[in-house]
Structures are given as structure tokens and as C-alpha cells.
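Descriptive structure summary
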Amino acid sequence: MKVIKFSNTNAILNITKALKEKNNEVIDICSKTSYSLEDLYNIKTCDFIINDGTFGSEHPKRQWKPNAENHKTAVMNFKNQFINTIAKEYNKKIIYTESATLSRIKCNYIRKFYKVIGPRYYRMGLGHWVYSHTKWCKPEKGRLEKFIKTIEEENDIKVKNIFNHQWKNNKQGYILILPGLEDDPTSSIPVQQFVEESVKEIKKHTQRKIVVKAHPHSKLTYDNLDVEVMTGDIFLDELTKETYCAVLDSSTSIFQLTNLGIPVFTTKHSFGYPLGNSDLSKIEHINYTDSKNVLKWYEEMASTEFTMKELGSSYILNKIEDLLNE
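Here's a quick rundown of the structure. All values derive from a computational prediction rather than experimental measurement. (Residues numbered from 1 in each chain as written. Predicted model: local features only at pLDDT ≥ 70, side-chain atom pairs only at ≥ 80, totals over all residues. Heavy atoms only, no water.)

With 18 residues, helix α3 (residues 72-89) should cover 26 Å at 1.5 Å per step; its first-to-last C-alpha distance of 26 Å lies within 8% of that length. Those residues of α3 that sit buried are Thr73, Ala74, Asn77, Lys79, Asn80, Ile83, Ile86 and Ala87. Taken together, the buried residues of α3 touch α2 (37-45), β3 (48-52) and β4 (94-98). Where α3 terminates, the next one or two residues include Asn91, which has phi positive at roughly 60°. (Helix = DSSP H or I, 4+ residues; strand = E, 2+ residues; numbered from the N terminus. Expected span 1.5 Å × (residues − 1). Buried < 20%, exposed > 50% of the residue type's maximum accessible area, 1.4 Å probe, protein only. Contact = heavy atoms within 4.5 Å.)

The structure is reproduced here in C-alpha cells:
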């Protein structure tokens, strides 16, 4: 096969290694700042494209401009939007990688940034990286057990609340809203709008205290909403005892919160959407999905991400082939 490589992240480099070991042709055009007719021809005639990262942000911080000191996220946003548009024109599929999903539960047991806790996982899917827009690999029997064992052995910890999930929320607690970073295209609507609309809707249906846990790097204050605002680096497990439920858009906090036993109201774009809480008018009538269905969800989520070792092996090529053929 002929494959176009449009990124140089570690995840993509490992997939490239696996492709080349099976004698696939991989054409690297990710480092270019201009593209030739030959590049466009190769895109038009390739079998598929591999790429990493986000695109689609309208935030000024992520807009690339010529002869400017553009932030790397602006470059990524512009280039990825470009390749996505060209691929659509030529009817070419893109395999995307992005940051981890389910493995972020490590942070419930080790209070560090997930990227510095081994093993390092990367999500992989067809066409996109957001839950609602992506074709994900089918659940694989035994993968969840292997996933948990790998994390436990590498970190000498015991991962809890997986195989017999229990909800552990405070029935008299507050509602915790977790907005993302304002320039992150993962959000389905602007972050400020999401928080304002969520607060307005919640207040129609409950008198509970509302707390907004602002993203640590956000510049938004939410001081016009008559809610309590938490700032700074606060680990989610520190908030469990006081939380009734959480509200988020498509944040990957869904994984930590569910593992902590906190029900979460999400939009359809969240990995947590299958757990059945998306209607804020039912904020006082949470759907406590039973442990059997939560386990099924965990099994599905365990097949949304892969280790670096897996990404560099023939194992991942079989997964890519399955995605491309669906």
C-alpha cells in the first residue's frame, strides 16, 4: 500500500515503522511548508493517510498567519484542516492518533500528569479523534483485563471499580462543571457558552450548589454566573466526597470521574455518552447505569487507545485494516 504520513509524533512514527516492516510505501510530507503537484498526486493516489492531532478551532490563538510567530497549535490547526479538506476532496480516509483516553484513570492512583505515568497510550480512530465523529476499533475480548494488568504492574498499584463498578457520589453534594480550555477544538461549542448554558439549564431543575472547576490554564473567570469557581491544579479524586454529579462536554475527565464512581452528564460528543446521562433536565434523576453495562463500556473504551509497543507492531496494522474496511 501507499500511505501518506502527515505528522511526526511518536505515535505516528511507530505506525510508520510497522508499515515499513511490512514493505508498505510511506511518503512523508508532514514537514513541508509548501506542497508540489507531486505531493497532491500522491495524496490523490494513496491508500490512506496517517495523521495526529486536532483541527477545526475558530479561536484566535489557533489561527495561523503568514510571517507571524505562530504557536505550534495554530500550525497544527491550519495544516490538519488542510489535509482533512484535501482528503475529503479525493475521498481518502485518515487514521488519526491523539492523546490518551481510558488510561487517564492512572491519575486517580498517582497524582501526576497522565503523560508522565507509564505506560503511555495514544487513542487511534478513523476520520477524527472526538468520540462522536470517529470510527473506533471493535472491542477485543480480554483487552480490558490486559490493559488493567499492564497499568497495575508498571506502577505497582491496584486499579479499582472496574469489574464490579459502584457509584459513589454524595447524594447531598454539589454539581461540578468541568469546562475545557477555551481554544481546544475538542469542545463542541465555545467553552464559555457551554458553561453558561449548562448553568442556566441546571438552575431550572435544582437548587443544588454549582461549582465550576476551571481548566488550570484557562483565562476565563465565570464571575458573571453566580457559581463557585475552583482554579489551579486540583486532582479529581480530591473532590469525590462532595460531588453529586459532574457535567462536561467532551472532556476526557469522563474516564477518571466514572472510575471514581461519579455520574457524569455529557454531550453526545463525549466518550461517556453511552452511559446514559445527557439531559440536564434530569439532573435530579440520574441514570445509574448498572455494573454490567459500565463494564461493557470499559471494554469498548479499552479498544480506543494503544501502547507505543502496539503502535509499532503488526498488531496495529490489523486494527487499521479493520477500520479502513468498515
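Okay, the pattern of salt bridges next. Tallied over the full model, the rule gives 15 salt bridges. Asp183 is paired through a salt bridge with Arg62; the nearest N and O atoms lie 3.2 Å apart. In this pair, Asp183 sits in the loop between β6 (174-177) and α5 (191-205) while Arg62 sits in the loop between β3 and α3, placing the two residues 121 residues apart along the sequence. For Arg62, a relative accessible area of 10% translates into the label buried. For Lys146, the salt bridge goes to Glu310, with nearest N and O atoms at 3.9 Å. You can see Lys146 sitting in helix α4 (residues 143-155) and its partner Glu310 sitting in helix α8 (residues 308-311), a full 164 residues away along the chain. The network of salt bridges with shared partners includes Lys61, Arg62 and Asp183. (Salt bridge = Lys/Arg side-chain N within 4 Å of Asp/Glu carboxyl O.)

Pairing within the open sheet is mixed, and its six strands lie in the order β2-β1-β3-β4-β5-β11. One side of each edge strand has no neighbouring strand; the edge strands of this open sheet are β2 (25-28) and β11 (305-307). When strand polarity is set aside, the average angle formed by the axes of neighbouring strands in this sheet is 30°. (Pairing = 2+ DSSP bridges. Axes fitted to C-alpha atoms, helices over the stretch in contact; angles between N-to-C directions.)

Attention now goes to the environment of Glu299. For Glu299, the location among the structural elements is in helix α7 (residues 291-301). Assessed through its relative accessible area of 32%, Glu299 is described here as partly exposed. Considering only alpha carbons, one finds Glu299 and Glu140, 159 residues apart in sequence, at a separation of 7.6 Å. Setting aside chain neighbours within four positions, we find Glu299 in contact with Pro139 and Leu144.

The next thing to look at is the sheet that holds β6. Across the sheet, which stays open at both edges, the five strands sit in the order β8-β7-β6-β9-β10 with parallel pairing between neighbours. Among the strands making up the open sheet, the edge pair consists of β8 (228-230) and β10 (264-266). Pairwise comparison of adjacent strand axes, ignoring direction, gives a mean angle of 25° for this sheet. Here strand β7 (residues 210-213) pairs with β8 via three bridges, running parallel. If you follow Lys213 over to β8, its bridge partner there is Met230. Its contacts with the sheet place α5 against β6, β7 and β9 (243-248), and it is angled at close to 160° to β6.

What follows concerns the packing of aromatic side chains. Evaluated as defined, the whole model comprises 15 aromatic pairs. Both rings, one in Trp136 and one in Phe271, keep their centres 5.3 Å apart while their planes meet at 50°; by these two values the pair is tilted. Of this pair, Trp136 sits in the loop between β5 (121-126) and α4 while Phe271 is found in the loop between β10 and α7, placing the two residues 135 residues apart along the sequence. We note that Trp136, like Phe271, is buried. Directly above the ring of Phe6 sits Lys79, whose terminal nitrogen or CZ lies 5.4 Å from the centroid. Between Arg208 and the ring centre of Tyr244, over which it is positioned, the NZ or CZ distance is 3.5 Å. (Phe/Tyr/Trp six-rings, centres within 6.5 Å; stacked < 30°, edge-to-face > 60°. Lys NZ or Arg CZ within 6 Å of the ring centre and 35° of its normal.)

Right, let's talk about the layout of surface pockets for a bit. Here the second largest pocket defines a volume of roughly 370 Å³. Of the residues assigned to the lining of the second largest pocket, the class counts are eight nonpolar, ten polar and four charged. (1 Å grid on protein atoms, 1.4 Å probe; cavity = no way out; pocket = protein on both sides within 12 Å on 5 of 7 lines; lining within 4 Å. Points joined across faces, edges and corners; volume = space filled by probe spheres on them. Nonpolar A, V, L, I, M, F, W, Y, C, P; charged D, E, K, R; others polar.)

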